[in-house]
Amino acid sequence: MVPPMDWLSRLLDMMPVTGRLDIRCFYAAPWRIAYDTSQPGVLPYHVVLSGSALLESSSGGPPKRLVAGDILVLATGGAHTLHDGSGIAPGPAAYRPGLNHTISENAGSGERLDLLCGHFTIPRPHDRLMREYLPPELIVRSSLQNQGDGTSPVGTQLANLVALMRSESDIERLGGTAMLNAFSAALFTLSLRLASESKESPSGLLALAGHPRLTPALAAMFHNPAHAWTLPELADLCNMSRATFARHFQEKLGRSASDLLLDIRMALAANELRKPGASTAAVAEAAGYQSEAAFQRTFKQKVGVTPSQWRRAARTAD
């Protein structure tokens, strides 16, 4: 018997996320790092080990300060800049390859920064769902979750993981790349877990997860997406009226329950189409469609290609 999964585990089972540490930066002010828009499916991340940084992104708005213990995930892969905030033009940074990642240093003399820079990778078409359901700039402030009597177990877990990443990147060891990549993948999951518990949950799935009364509906859709879920059924699972459920779901997620269910079904279908011997009719049924033609129309609308085109492209990529 397969053990049950919580909805986040189910999400990451359907849409596996891999990670990699690319660069560790040792900078003294003044310094500045500019990142272009990432390739589809690539989500940059930054972990501040010590010092501080100001974040400016292509989405606009005032700069955001990151301090030691903060983790930044760019869910849309948007262009962004990190700098020390002094306004002084920095000199060039030097890069030297290590066994497991690149080291970057500069010749500044001000406040020092120790920063891990890497990226998460999510395969198509699942990257679209992540872009649409996570905030463009997710800042997880783990240090705020571990102060005084308000210590968070998840915050402690995340702090311990970051300490492991710091230690592993300090010294070049055999198997270091594999370890750092595994830690990076775990960083994604723990960051989402802690963000969902925050009192300031952002919009999207994390805000929905922070609303315990809506969790039964969320879990039901992830665990049985083929079921023809109706609004009254989902509302009953949450012990809410239909109108109250729809309002809360829309307010938290920014989309309706039917929108989320459709995206879950398309993610499931994309995975099923990769399997050898899986007919389009069988995939349609697994995704909750009695009509193969209706499934093909919906899949093309959401993914941009027909199921057969996706199957060929996915197998070639594999």
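What you see is a predicted model, and the numbers here were worked out from it, not measured in a lab. (Residues numbered from 1 in each chain as written. Predicted model: local features only at pLDDT ≥ 70, side-chain atom pairs only at ≥ 80, totals over all residues. Heavy atoms only, no water.)

Undergrad: Just give me the short version of the overall build of the protein chain, but keep the residues and values in it.
TA: Assigned secondary structure in the protein chain consists of 12 helices and 11 strands. Here the protein chain has a C-alpha radius of gyration of 21 Å; the compact-globule value for 318 residues is 20 Å, and the two agree. Considering only C-alpha atoms, the protein chain reaches an extent of 65 × 50 × 40 Å along its principal axes. Evaluated residue by residue, the protein chain yields a buried proportion of 46% over its 318 residues. The contacts of the protein chain with a sequence gap of at least 6 include a subset with a gap of at least 24, amounting to 74%. For the protein chain, the centre of its 30 positive side-chain charges and the centre of its 28 negative side-chain charges are spaced 5 Å apart. (Helix = DSSP H or I, 4+ residues; strand = E, 2+ residues; numbered from the N terminus. Rg over C-alpha atoms; globule rule 2.2 N^0.38 Å. Buried < 20%, exposed > 50% of the residue type's maximum accessible area, 1.4 Å probe, protein only. Contact = heavy atoms within 4.5 Å. Lys, Arg positive; Asp, Glu negative; His and termini not counted. Charge placed at Lys NZ, Arg CZ, Asp CG, Glu CD.)

Undergrad: Account for helix 11 (residues 292-303), with residues named and values stated.
TA: An α-helix turns once per 3.6 residues; consequently, residues spaced three or four apart project the same way. Taking 1.5 Å per residue, 12 residues should reach 16 Å; helix 11 reaches 16 Å between its end C-alpha atoms and fits that length. All buried positions along helix 11 are accounted for by Ala294, Phe295, Thr298, Phe299 and Val303. The buried residues of helix 11 all sit within an arc of 135° when viewed along its axis, so they share a single face. In helix 11, the exposed positions angled more than 90 degrees off the buried face are occupied by Arg297 and Gln301. Of the residues flanking the end of helix 11, it is glycine 304, one or two places downstream, whose phi is positive at about 100°. (Expected span 1.5 Å × (residues − 1). Arc of directions from axis to C-beta.)

Undergrad: Talk me through the pairing of strand 8 (residues 94-97); I want residue IDs and the actual numbers.
TA: The pairing of strand 8 with strand 9 (residues 102-105) spans 4 bridges and is classified as antiparallel. When the bridges of strand 9 are listed, arginine 96 appears paired with isoleucine 103. (Pairing = 2+ DSSP bridges.)

Undergrad: Could you give an account of the confidence of the model for the protein chain, with specific residues and numbers?
TA: Of the residues in the protein chain, 93% have a pLDDT of 70 or more, and the chain-wide mean is 88. Within the protein chain, the element-level pLDDT minimum falls on helix 5 (residues 205-209), averaging 78, and the maximum on strand 3 (residues 42-50), averaging 96. (pLDDT = per-residue confidence, 0-100.)

Undergrad: Which residues make up the nonpolar core, and what values do they have?
TA: Residues Leu187, Phe245 and Leu260 are the most contacted members of the largest nonpolar core, which totals 59 residues. Element by element, the count of residues in this core is highest for helix 4 (residues 176-197), at 8 residues. Beyond its immediate stretch of four places on either side in the chain, leucine 187 contacts Tyr45, Val47, Ile71, Phe120, Leu158, Leu161, Val162 and Met165. With 16 residues, the next largest nonpolar core counts Cys25, Trp31, Ala53 and Cys117 among its residues. (Core = buried A, V, L, I, M, F, W, Y, C linked by side-chain atoms within 4.5 Å.)

Undergrad: Before we move on, could you go through the sheet that holds strand 9 and cite the residues and values that matter?
TA: With mixed pairing, 7 strands are arranged side by side in an open sheet as 8-9-1-10-3-6-11. Two strands lie at the open edges of the sheet, namely strand 8 and strand 11 (137-141), each paired on one side alone. Direction aside, neighbouring strands of the sheet carry axes that sit 20° apart on average. For strand 1 (residues 18-28) and strand 9, the ladder comprises 4 bridges, and the chain directions are parallel. In the sheet register, cysteine 25 faces strand 9, and the bridge partner there is serine 104. Each of strand 1, strand 3, strand 6 (70-74), strand 10 (112-121) and strand 11 touches helix 3 (residues 153-170); the most contacted strand, strand 3, lies at about 85° to it. (Axes fitted to C-alpha atoms, helices over the stretch in contact; angles between N-to-C directions.)

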